[in-house]
Amino acid sequence: MRVSHAPVYRRRRRVVLAVLVAIVGLGLGYGTGALVWPRAEAEAAVTPAKSPTPTETPEASSTPTPSATPASSPSASPTPSPSPTFDLTAYSLTDPDSPWVIVNKLNPIDPAEYAPEDLTRIAGMSSAATMRAEAAAAMSALHEAAVAAGAPFTVSTAYRDHATQSSLYYGYVNRSGQASADRYSARPGFSEHQTGLAADIHNGVCDLKACFGTTAAGRYVAEHAWEHGFVIRYPEGKQEVTGYIYEPWHLRYVGVELATALHESDVTTLEELFGLPAAPDYS
Ligand SMILES: [Zn+2]
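Fair warning: this is a prediction, and the values are worked out from it, not measured in the lab. (Residues numbered from 1 in each chain as written. Predicted model: local features only at pLDDT ≥ 70, side-chain atom pairs only at ≥ 80, totals over all residues. Heavy atoms only, no water.)

## Some words on the state of the cysteines
1) Next: Going through the model one piece at a time under the given rule, you end up with one disulfide.
2) Next: The residue that forms a disulfide with C206 is C211, at a sulfur-sulfur distance of 2.0 Å. Sign of the S-S torsion, about -110° for the bond between C206 and C211, identifies this disulfide as left-handed. (Disulfide = S-S within 2.5 Å.)

## Some points on the coordination of the zinc ion
In ideal tetrahedral geometry, four donors around a metal make angles of 109.5 degrees, whereas ideal octahedral geometry with six donors gives angles of 90 or 180 degrees.
1) Next: At this site the zinc ion is bound by H193 (NE2), D200 (OD) and H250 (ND1), with donor distances of 2.0 to 2.1 Å.
2) Next: Mapped onto the sequence, the residues coordinating the zinc ion show the spacing H-x6-D-x49-H. Of the two residues, H193 sits in the loop between α6 (178-184) and β4 (198-202) while H250 sits in strand β6 (residues 250-253), which places them 57 residues apart along the sequence. For the residue pair H193 and H250, the accessibility class agrees, reading buried in each case. (Donors = N, O, S within 2.8 Å, 3.2 Å for Na, K, Ca; no water. Helix = DSSP H or I, 4+ residues; strand = E, 2+ residues; numbered from the N terminus. Buried < 20%, exposed > 50% of the residue type's maximum accessible area, 1.4 Å probe, protein only.)

## Quick notes on the pairing of β4
1) Next: Of all five residues in β4, four are buried, a share of seventy percent or more.
2) Next: Pairing of strand β3 (residues 154-157) with β4, which is carried by three bridges, proceeds in the antiparallel orientation. Paired with T157 across the strands is D200, a residue of β4.
3) Next: Bridge count between β4 and β6: three bridges; the pairing is antiparallel. Each bridged residue has a counterpart across the sheet, and for A199 the counterpart in β6 is L251. (Pairing = 2+ DSSP bridges.)

Written as structure tokens, this is what we have:
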């Protein structure tokens, strides 16, 4: 009895094995394509693994792995081309409705009185702050993940209209002078907050201070915000590029694709990623 069943088991095992190889092959191909754009070429090296399927034919019982080895190496192109598949021109950098719009001291919002049409509250958070629908959903997901990881935070302010930014900025100017105000507050028409894509977060410790970056929430978003499509827009040591001091609390939604690209790259600002001029000051 056992003897007569043996080939069946063996063949079934081979079929299962072949299916597993195909699944792993597909999985790897998908993973590289979706996550690591500079290494997308790895996919080419993986695809040949799908060819062992012919092993499922009756001859399965003979030599163990004849078809798996020869097919893979010769057909795979050995030259690893570094060209990224990521398209840096996919969205406008100037249209305020674009998820990639660049707003800095050299690039004001145009038109200056722009207001998004899909502002919405952030679900799951007791905050009156609003963001554009897609950004609000992403913030909600980031917040949920941070809470689960023991790094809760709240959004203090997100969308600000032109008038609010104006009174805020001139309040700072009156208090500490324009030069000082320009280092941490945007002039009306130049604030990312007016796009509905930016949010300031806090948790009661080091609010609006550089040391926020060392808190649980600050460290969590520095490490994971990109997974939800956010970037730390004003990183440490980049004031000459972004025009702003280090703001570990200011998150900018750009979508997972671009946030991942920035995360994978060796630069830390959107200006550098897109090869835009540094914007240390108003022109
Ligand atoms: Zn901010």
